[in-house]
Amino acid sequence: MDFSVFPEINFLIVILIIAGVIMLVTGASRLYHRQFVTGTGAGLTGLVLVCFSLLLLSFVLNLYTYQRLTHEEAVAELQFRKVGHQRYEVELKESLGKVRTLELMGDQWQLDARVMKWEGMTNLLGLDSLYRLERISGRYSDIALERRASRTVYGLSEEAGLDIWDVSQEYKTWLPWVDTIYGSAAYLPMADGASFKVSLSTTGLVARPINEIAKESVKNWH
């Protein structure tokens, strides 16, 4: 995780934790000296500050599972090799350099992502839209096969902290600075030797063939 992405929020969390600890220590000291009213007040204030900072930290940890989106940018490249009937090995290279080799069943591949957009003061603070690749899966052209044949799905993200996706869906009023969170997917046919590039803009995922084999598979796609 690159903890330099949200420096202002990180700084705020540190200040809140320090202030909370100071208030807790102050409260404990006053209680020790039988200053029950001021000691209880200081202790409760410190406890609230520490709890709030930990909650904020949990949200920020989840935000670090996303990547910043400022314009259309390449997020992944996929290269396919046929290893059997309706079975393909895919090498998935993500934009940050992570490479995975997976096996997909079917005739098509599908890549899914989450996109988070901000509104209000968060835009003024310079927070860009964020995205996270969620999963890659195989698809069958025949719907009957899609229902009964073996399917392959792989998760591409790691959950960390309090999931801002779930919270924003269930408690919208808690996160008024989140404009929208939505899912986006792109899918194209698999072919032996085909290569594709997937980009993401503010409108969603876009997949494009980048070699002749891939272009021919898309051209002949039914």
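Residues numbered from 1 in each chain as written. Predicted model: local features only at pLDDT ≥ 70, side-chain atom pairs only at ≥ 80, totals over all residues. Heavy atoms only, no water.

### Points about the packing of aromatic side chains
Stage number 1. All told, the structure shown has four aromatic pairs when counted by the stated rule.
Stage number 2. On the basis of an interplanar angle of 90° and a centroid distance of 5.9 Å, the ring pair of Tyr-187 and Trp-221 is categorised as edge-to-face. Taken together, the positions of Tyr-187 in strand S8 (residues 178-189) and Trp-221 in the segment after helix H6 (212-219) put the pair 34 residues apart, joining distant regions of the chain.
Stage number 3. Since its relative accessible area comes to 30%, Trp-221 is described here as partly exposed.
Stage number 4. By the ring-pair criterion, three or more aromatic residues cluster together here, those being Phe-80, Trp-109 and Phe-196.
Stage number 5. The cationic tip of Arg-139 hangs over the ring face of Tyr-187; the distance from NZ or CZ to the ring centre is 3.7 Å. (Phe/Tyr/Trp six-rings, centres within 6.5 Å; stacked < 30°, edge-to-face > 60°. Helix = DSSP H or I, 4+ residues; strand = E, 2+ residues; numbered from the N terminus. Buried < 20%, exposed > 50% of the residue type's maximum accessible area, 1.4 Å probe, protein only. Lys NZ or Arg CZ within 6 Å of the ring centre and 35° of its normal.)

### Examining the sheet that holds strand S9 (residues 195-201)
Stage number 1. Spatially, five strands are ordered S4-S3-S2-S9-S10 in an open sheet, and the strand pairing comes out antiparallel. The sheet terminates laterally at strand S4 (99-105) and strand S10 (204-209), the two strands that pair on one side only. Strand-to-strand twist across the sheet, computed as the mean angle between neighbouring axes with direction ignored, equals 25°.
Stage number 2. Packed onto the sheet, H6 meets S9 and S10 and runs at close to 75° relative to S9. (Pairing = 2+ DSSP bridges. Axes fitted to C-alpha atoms, helices over the stretch in contact; angles between N-to-C directions. Contact = heavy atoms within 4.5 Å.)

### Observations concerning the environment of Leu-31
Stage number 1. Relative to the helices and strands, Leu-31 is located in helix H1 (residues 7-32).
Stage number 2. The exposure class assigned to Leu-31 is partly exposed, which follows from its relative accessible area of 36%.
Stage number 3. Considering only alpha carbons, one finds Leu-31 and Gly-43, 12 residues apart in sequence, at a separation of 9.0 Å.
Stage number 4. Apart from the residues lying within four places of it in its own chain, the contact partners of Leu-31 are Phe-36, Gly-39 and Thr-40.

### A closer look at the pattern of salt bridges
Between side chains of opposite charge, a pair can form when the charged atoms approach closely.
Stage number 1. A full pass over the atoms with the stated rule returns eight salt bridges.
Stage number 2. In this structure, Glu-212 and Lys-215 form a salt bridge, with 3.9 Å as the shortest nitrogen-oxygen distance. With Glu-212 and Lys-215 both in helix H6 and three residues apart, this pair spans about one turn of that helix.
Stage number 3. The class for Lys-215 is partly exposed, based on a relative accessible area of 42%.
Stage number 4. Taken together, the salt bridges that share partners define one network made up of Arg-114, Arg-132 and Glu-134. (Salt bridge = Lys/Arg side-chain N within 4 Å of Asp/Glu carboxyl O.)

### Concerning the nonpolar core
Stage number 1. Grouped together as the largest cluster of nonpolar side chains are 28 residues, with contacts concentrated most on Val-75, Leu-78, Phe-80, Trp-109, Leu-111 and Val-198.
Stage number 2. Where this core is concerned, the elements lending two or more residues are strand S2 (73-84), strand S3 (87-94), S4, strand S5 (108-118), strand S6 (129-139), S8, S9 and S10.
Stage number 3. If sequence neighbours within four positions are ignored, Val-198 has contacts with Glu-73, Ala-74, Val-75, Ala-76, Leu-78, Trp-109, Leu-111, Leu-205, Val-206 and Ala-207. (Core = buried A, V, L, I, M, F, W, Y, C linked by side-chain atoms within 4.5 Å.)

### Topic: unusual backbone geometry
Stage number 1. Not every positive phi belongs to a glycine, and Arg-34 is a case in point at roughly 65°.
Stage number 2. In this fold, Arg-34 is placed in the loop between H1 and helix H2 (36-63).
Stage number 3. One non-glycine residue, Gln-86, adopts positive backbone phi at about 55°.
Stage number 4. Along the chain, the position of Gln-86 falls in the loop between S2 and S3.
Stage number 5. With a relative accessible area of 17%, Gln-86 lands in the buried category.

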